[in-house]
Amino acid sequence: MSGLLELTVAEAAGRIAAGEIAAGEYFDAWRAAAAGDELNAYLWRAEDGVEGTGGPLAGIPVAVKDIFCTEGVPTTAGSRILAGYAPPYTSTAVRRLGEAGARVLGKTNMDEFAMGSSSENSAFGPVLNPWDRGRVPGGSSGGSAAAVGGGLAPCAIGTDTGGSIRQPASLCGIVGLKPTYGAISRYGMIAFASSLDQCGALTRDVTDAALLLAALQGRDPCDSTSVGIEGGVEAPSREDLKGLRFAVPGELARDAIDSGVRAVFEATLETIERLGGAITEAPLPHAEHGISAYYVIAPAEASSNLARYDGVRYGMRAEGAGDLTEMYEKTRAEGFGAEVKRRIMLGTYVLSSGYYDAYYGRAQRVRTKIASDFAAAFAEFDFVVTPTSPSVAFGLGEKTDDPLAMYMSDFFTVPMSLAGLPAISIPAGLAEPDGGGPRLPVGFQIVAPAFAEQRLLEAAFALEREIGFDAKPGEGAGG
Ligand code: GLN
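A quick note: this is a predicted structure, and the numbers were derived from the prediction, not measured.

## Quick word on the overall build of the protein chain
Part 1 of the argument: Along the backbone of the protein chain there are 16 helices and eleven strands.
Part 2 of the argument: Expected size for 479 residues packed as a compact globule is a radius of gyration near 23 Å; at 21 Å, the protein chain falls within 12% of this value.
Part 3 of the argument: Dimensions along the principal axes, computed over C-alpha positions, put the protein chain at roughly 70 × 55 × 45 Å.
Part 4 of the argument: Residues classed as buried in the protein chain amount to 59% of the 479 residues present.
Part 5 of the argument: Long-range contacts, defined here as pairs at least 24 residues apart, represent 76% of the contacts in the protein chain between residues at least 6 apart.
Part 6 of the argument: Just so you have it, the protein chain exposes about 17400 Å², and 50% of that area is on carbon and sulfur atoms.
Part 7 of the argument: Across the protein chain, the 39 positively charged side chains and the 59 negatively charged ones have centroids separated by 4 Å.

## Some remarks on helix α9 (residues 259-274)
Part 1 of the argument: Under the 1.5 Å per step criterion, the end-to-end length of α9 is 23 Å for 16 residues, consistent within 8% with the ideal 22 Å.
Part 2 of the argument: For α9, the complete set of buried residues consists of G260, V261, V264, F265, T268, L269, T271 and I272.
Part 3 of the argument: Buried residues in α9 make contact with β7 (245-249), β8 (278-282), β9 (383-387), β10 (423-431), β11 (440-447) and α16 (453-467).
Part 4 of the argument: Once α9 ends, the next one or two residues include G276, with phi positive near 100 degrees.

## Quick notes on the site of the ligand
Part 1 of the argument: Close contacts around the ligand come from 15 residues, with G162, S164, Y294, R343 and D410 the closest.
Part 2 of the argument: Residue Y295 places a side-chain N or O atom 3.2 Å away from an oxygen atom belonging to the ligand.

## Topic: α16
Part 1 of the argument: For α16, spanning 15 residues, the distance from its first C-alpha to its last is 21 Å, which sits close to the expected 21 Å at 1.5 Å a residue.
Part 2 of the argument: The set of residues buried in α16 consists of E453, L456, L457, E458, A459, A460, F461, A462, L463 and E464.
Part 3 of the argument: Turning to α16, the residues buried within the fold contact β5 (175-178), α7 (206-216), α9, β9, β10 and β11.
Part 4 of the argument: Just beyond α16, the residue with positive phi is G468, at close to 60 degrees.

## Brief notes about the sheet that holds β11
Part 1 of the argument: Spatially, eleven strands are ordered β1-β3-β2-β4-β6-β5-β10-β11-β9-β7-β8 in an open sheet, and the strand pairing comes out mixed. Only two strands of the sheet have a single partner each, and these edge strands are β1 (42-45) and β8. The average angle at which neighbouring strand axes cross in this sheet is 30 degrees, direction not considered.
Part 2 of the argument: The sheet contact formed by β5 and strand β6 (residues 198-203) spans three bridges and is antiparallel.

## Side note on the side chain of T268
Part 1 of the argument: Mapping T268 onto the fold places it in helix α9.
Part 2 of the argument: Judged by relative accessible area, T268 falls into the buried class, the value being 2%.
Part 3 of the argument: Other than its neighbours up to four places away in sequence, T268 contacts A428, F444, L463 and I467.

## Let's talk about the packing of aromatic side chains
Part 1 of the argument: In total, this model carries 17 aromatic pairs according to the counting rule given.
Part 2 of the argument: With centroids separated by 5.8 Å and ring planes inclined at 85 degrees, the aromatic side chains of Y85 and Y314 adopt a geometry described as edge-to-face. With Y85 in the loop between β2 (61-65) and α4 (92-99) and Y314 in the loop between α10 (290-305) and α11 (324-335), this residue pair connects regions lying 229 residues apart in the sequence.
Part 3 of the argument: Judged by relative accessible area, Y85 falls into the buried class, the value being 14%.

## Some details on the pairing of β2
Part 1 of the argument: Counting buried positions along β2 yields five of five residues, so the element is predominantly enclosed.
Part 2 of the argument: Residues of β2 alternate between two faces, with P61, A63 and K65 on one and V62 and V64 on the opposite face, all of them buried.
Part 3 of the argument: When β2 meets strand β3 (residues 103-108), the two strands line up parallel, connected through five bridges. Paired with V62 across the bridge in β3 is V104.
Part 4 of the argument: Read as a crossover between parallel neighbours, the route from β2 over α4 to β3 is right-handed.
Part 5 of the argument: As paired elements, β2 and strand β4 (residues 155-160) share two bridges and run parallel to each other. Counted as the bridge partner of V64 is I157 from β4.

## Description of a nonpolar patch on the surface
Part 1 of the argument: A cluster of nonpolar side chains, V312, L324 and Y328, forms an exposed patch at the surface whose accessible area comes to about 260 Å².
Part 2 of the argument: Of the residues examined, Y328 reaches a relative accessible area of 32% and is grouped as partly exposed.

## Thoughts on the pattern of salt bridges
Part 1 of the argument: This structure, assessed with the given rule, holds 18 salt bridges.
Part 2 of the argument: With its nearest N and O atoms 3.2 Å apart, the salt bridge here joins R31 to D28. Pair noted here: R31 and D28 are both in helix α3 (residues 23-35), with a separation of three residues, about one helical turn.
Part 3 of the argument: With a relative accessible area of 25%, R31 lands in the partly exposed category.
Part 4 of the argument: Assessed through its relative accessible area of 34%, D28 is described here as partly exposed.
Part 5 of the argument: Its salt-bridge partner being R45, residue D37 comes within 4.0 Å of it at the nearest N-O pair.
Part 6 of the argument: Using a relative accessible area of 16% as the deciding quantity, one classes D37 as buried.

## Describing the packing of α10 against helix α12 (residues 338-351)
Part 1 of the argument: Contact geometry for α10 and α12: axes closest at 7 Å, N-to-C directions at 100 degrees. Between α10 and α12, the interaxial angle falls into the category roughly perpendicular. Residues Y295, V296, P299, A300 and S303 of α10 lie in contact with α12, whose contacting residues are R343, I344, L346, G347, T348, V350 and L351.
Part 2 of the argument: Here the contact of α10 with α12 is composed, by residue class, of eight nonpolar, three polar and one charged.

How each quantity is defined
Residues numbered from 1 in each chain as written. Predicted model: local features only at pLDDT ≥ 70, side-chain atom pairs only at ≥ 80, totals over all residues. Heavy atoms only, no water. Helix = DSSP H or I, 4+ residues; strand = E, 2+ residues; numbered from the N terminus. Rg over C-alpha atoms; globule rule 2.2 N^0.38 Å. Buried < 20%, exposed > 50% of the residue type's maximum accessible area, 1.4 Å probe, protein only. Contact = heavy atoms within 4.5 Å. Areas by Shrake-Rupley, 256 points an atom, 1.4 Å probe, with all protein chains shown as cover. Lys, Arg positive; Asp, Glu negative; His and termini not counted. Charge placed at Lys NZ, Arg CZ, Asp CG, Glu CD. Expected span 1.5 Å × (residues − 1). Near = heavy atom within 4 Å. Polar contact = N/O pair within 3.5 Å; in protein donor to acceptor, adjacent residues only side chain to side chain. Pairing = 2+ DSSP bridges. Axes fitted to C-alpha atoms, helices over the stretch in contact; angles between N-to-C directions. Phe/Tyr/Trp six-rings, centres within 6.5 Å; stacked < 30°, edge-to-face > 60°. Right-handed = clockwise from strand over helix to strand, strands pointing away. Patch = residues over 30% accessible without salt bridge, like charges linked within 9 Å, V, L, I, M, F, W, Y side chains within 5 Å. Salt bridge = Lys/Arg side-chain N within 4 Å of Asp/Glu carboxyl O. Parallel < 35°, antiparallel > 145°, perpendicular 65-115°, else oblique. Nonpolar A, V, L, I, M, F, W, Y, C, P; charged D, E, K, R; others polar.

Encoded structure:
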């Protein structure tokens, strides 16, 4: 049985297609693994297995972040306000995985409405990091990342608004891919900040990320911002980086990074050079203002998107209200957690008529500048690279009282989201936390021009091969 769990998704899909493994047996092996969840990674798990299906992902179980609507299955977005909600329809992302033959293994825990970087903002308790249960798995797709990193799922999907796929992938030692905005439909994906939200894959390796992206991407008439990836996506095969030019943003690289993370980042740059790639420092002058702009734009959109949770149409309704206004107020007061309330207040404030230009208008101008910086960089370079996260996994509770420190976790991932660009985080090594302790995974981020996913995957594949990261939770600790 356990041998089955060692296979990558690509290997398992190949063996299922060849008839060497029964789809039902494979799915059941993963169901048993998921049933042993001690990380609070799952909020719901599938009760039955699969029958024979066709398609490139036939028989493959996928852990799905609990932000994707799935017909008849509880979908909470990590919020008390949606407790007990079972949507009447399925998101396009999950439907497309199903059409490729995959099945939902479970719904994964997350920061409430995807707001957070540690998965501690879930109404259903924090997710634990599989490498060290005293630490966070990152967020907001922490349940999906912990499930894959902790051997509770072969692959997962999540959403990334400002880093929520890449940062938890980095902290859990797996691959996280955020595609170009518009590559995958957002239909049925509970909205946080609609101009930034994007579905993507959390997997053991780059090939599996390509396999999931191939199934997920595509234009969808239900989401007018979806366009798909022209030419589709294939399994990557490139073995070198000859002739490719990689830019390291000078501004980003000088900022506060743990020394262990910096060492792994620099070693990875040397690996790129060994494979024939050229490394050059290049300016990305406005990227350092990404966090400031993001924390105006994302809350502004969230304050509007979350207005629909009023106790009338979805989920919970507070008891004992005297009239309609009181019912709205009580429902939202009881249903939303502290971070969500903070964002709604912030968003409402920056959109208010007296402050709209000073905050929202200015943040949008910064967003445009960041996009132009990337456009200028991509006129000269093939990729931009950064560490994914400034630190390895931090301790549970370490940043919960300091929202600004928590927000800085996404320093390296937010600029790409603002510019709508595809980016991948691959595990690049292990490093000690700055305060000392067992070594933990470090992610390396590669960014490409819009819709250049295939080139991004090819480069990531070549680099992944050369890095040869094969540490596992338990072995890495203390090693
Ligand atoms: N951590 C960021 C936030 O809290 C990003 C979250 C995300 O990408 N969903 O908004």
